[in-house]
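In case you want the letters, here they are:
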Amino acid sequence: MSKRNKLSKFADIMSFPNVYQNFSPKEIKPLGKNGVEVQLKGKWSEHFGNEKAITLELACGRGEYTIQLARDYNDRNFIGVDVKGARIWKGAKMAIEEGLENVAFMRTKIEVIEEFFAPNEISEIWITFADPFIGKPNRRLTAPAFHDRYKNMLKDGGIVHMKIDDPTLYESTKEVLAERNDVKILYDRDDIYSQALDFPELEYKTYYEKSHLEKGRKIKYMQWTYL
Ligand SMILES: C[S@@+](CC[C@H](N)C(=O)[O-])C[C@H]1O[C@@H](n2cnc3c(N)ncnc32)[C@H](O)[C@@H]1O
């Protein structure tokens, strides 16, 4: 993507009503439409205008899961989270064009996610094709430090869904979860397309999933909850 194209997308998302951005993890200052500071932690119902359950998609990229879930479940709200504004632009624009009012995007580093969501504010989390960060395991979105953040934000019984191709990230996630004494694995398949899908949402394909499938990679999917 050219620098010019990127800058134009950054300018666009600043004017979108469904995007919030926090530019530095060192300074918590979430900006909404036209750069106005908006603190929505514990108050996302004010953005959506209702109290419906909220699902987060972490590492949402272009927001394919956020958008498709929102189309299929209009009784729920969905927020895509990613640090890359030019990727979020795609999902946010699509949501505006389709009139999907149950969609929002939060641009931030996920390391500071608890600054934007209150304890018990979230019902489900999807982690879609997160980076494996080979050689930098602490940066993985399922590294030990992330789980207490997820557990705090989730309501009791809230589910984390992870869809992934990378075997290192898949195995390391299972090792990290096994070391905790408060995790219940609800579902785990290491090659979901080798059999009939158990959940219709697994049909959705993100940009990265399509590229992994073209290379013949196996797609894995897990669900867990914190006790
Ligand atoms: C491999 S891409 C997957 C994007 C999308 N889910 C898909 O499947 O097409 C991983 C995404 O995670 C985002 N990401 C990685 N680490 C992050 C972090 N610590 N905080 C926020 N976003 C992060 C990247 O910006 C990137 O868009």
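Coordinates for the structure precede this section.
Summarised in this report is the structure supplied together with it. Bear in mind that the values here come from a model prediction, so they are computed numbers and not experimental data. (Residues numbered from 1 in each chain as written. Predicted model: local features only at pLDDT ≥ 70, side-chain atom pairs only at ≥ 80, totals over all residues. Heavy atoms only, no water.)

### Brief notes about the overall build of the protein chain
Helix and strand counts for the protein chain stand at 7 helices and 8 strands. Taken over the C-alpha atoms alone, the protein chain extends approximately 45 × 35 × 35 Å along its principal axes. Across the 227 residues that make up the protein chain, the buried fraction comes to 48%. Total accessible area computed for the protein chain in this model is approximately 11,200 Å², and 48% of it derives from carbon and sulfur atoms. In the protein chain, 36 positive and 35 negative side-chain charges are present, and the distance between their average locations comes to 6 Å. (Helix = DSSP H or I, 4+ residues; strand = E, 2+ residues; numbered from the N terminus. Buried < 20%, exposed > 50% of the residue type's maximum accessible area, 1.4 Å probe, protein only. Areas by Shrake-Rupley, 256 points an atom, 1.4 Å probe, with all protein chains shown as cover. Lys, Arg positive; Asp, Glu negative; His and termini not counted. Charge placed at Lys NZ, Arg CZ, Asp CG, Glu CD.)

### A short note on the site of the ligand
The full set close to the ligand counts 18 residues, and Ala59, Asp82, Arg87, Glu111 and Thr206 are the nearest of them. Here Ile110 contributes a backbone N or O atom positioned 2.9 Å from a nitrogen atom of the ligand. Computed on the free molecule, the ligand has an accessible area of 600 Å², of which 96% lies beneath the protein chains in the complex. Across the shell around the ligand, the residue classes tally to 8 nonpolar, 4 polar and 6 charged. (Near = heavy atom within 4 Å. Polar contact = N/O pair within 3.5 Å; in protein donor to acceptor, adjacent residues only side chain to side chain. Nonpolar A, V, L, I, M, F, W, Y, C, P; charged D, E, K, R; others polar.)

### Digging into the environment of Val183
Secondary-structure assignment places Val183 in strand 7 (residues 183–189). Sequence-wise, Val183 and His147 are 36 residues apart; in three dimensions their C-alpha atoms are separated by 9.8 Å. Sequence-distant contacts of Val183, that is, excluding residues within four places in its chain, are made with Leu177, Trp224, Thr225, Tyr226 and Leu227. (Contact = heavy atoms within 4.5 Å.)

### What to know about the pairing of strand 5 (residues 122–128)
Side chains on a regular strand alternate between the two faces of the sheet. The buried count for strand 5 comes to 7 of 7 residues, which makes it a mostly enclosed element. Pairing geometry for strand 2 (residues 54–58) and strand 5, over 4 bridges, is parallel. Bridge pairing in strand 5 places Thr55 opposite Glu124. Remark: the strand 5/helix 5 (residues 144–153)/strand 6 (residues 154–164) crossover connection has right-handed handedness. (Pairing = 2+ DSSP bridges. Right-handed = clockwise from strand over helix to strand, strands pointing away.)

### Notes on the nonpolar core
With 37 residues, the main nonpolar core has Trp44, Leu56, Ile79, Ile125 and Tyr150 as its most contacted residues. For this core, the leading source of residues is strand 6, giving 4 residues. Core analysis: the second largest hydrophobic core is formed by 24 residues, Ile13, Cys60, Ile192 and Leu202 among them. (Core = buried A, V, L, I, M, F, W, Y, C linked by side-chain atoms within 4.5 Å.)

### Digging into the pattern of salt bridges
Applying the stated rule across the entire model yields 11 salt bridges. With its nearest N and O atoms 3.4 Å apart, the salt bridge here joins Asp165 to Arg217. One end of the pair, Asp165, is in the loop between strand 6 and helix 6 (167–179); the other, Arg217, is in the loop between helix 7 (207–214) and strand 8 (220–226), with 52 residues separating them in the sequence. Here Asp165 falls in the buried class, since its relative accessible area comes to 7%. (Salt bridge = Lys/Arg side-chain N within 4 Å of Asp/Glu carboxyl O.)

### Examining the sheet that holds strand 5
Read across the open sheet, the 8 strands follow the order 1-4-3-2-5-6-8-7; overall the sheet is mixed. Each end of this open sheet is capped by a strand with a single partner; those strands are strand 1 (19–21) and strand 7. Direction aside, the axes of adjacent strands within the sheet are offset by 20 degrees on average. As judged from the 6 bridges shared by strand 6 and strand 8, these two strands associate in the antiparallel manner. For Ile159, the partnering residue across the bridge sits in strand 8 and is Thr225. Across the sheet, helix 4 (residues 85–98) touches strand 1, strand 3 (77–82) and strand 4 (103–107), and the angle it forms with strand 4 is around 165 degrees. Sitting on the sheet, helix 6 touches strand 6, strand 7 and strand 8, and the angle it makes with strand 8 is about 20 degrees. (Axes fitted to C-alpha atoms, helices over the stretch in contact; angles between N-to-C directions.)

### Topic: helix 4
The terminal C-alpha atoms of helix 4 lie 20 Å apart, and with 14 residues this matches the ideal 20 Å at 1.5 Å per residue to within 8%. Next to the buried residues of helix 4 lie helix 1 (3–15), strand 1, helix 3 (64–72), strand 3 and strand 4. Gly99 sits one or two positions beyond helix 4 and adopts a positive phi of about 70 degrees. (Expected span 1.5 Å × (residues − 1).)

Any functional reading would require information beyond the geometric quantities listed.
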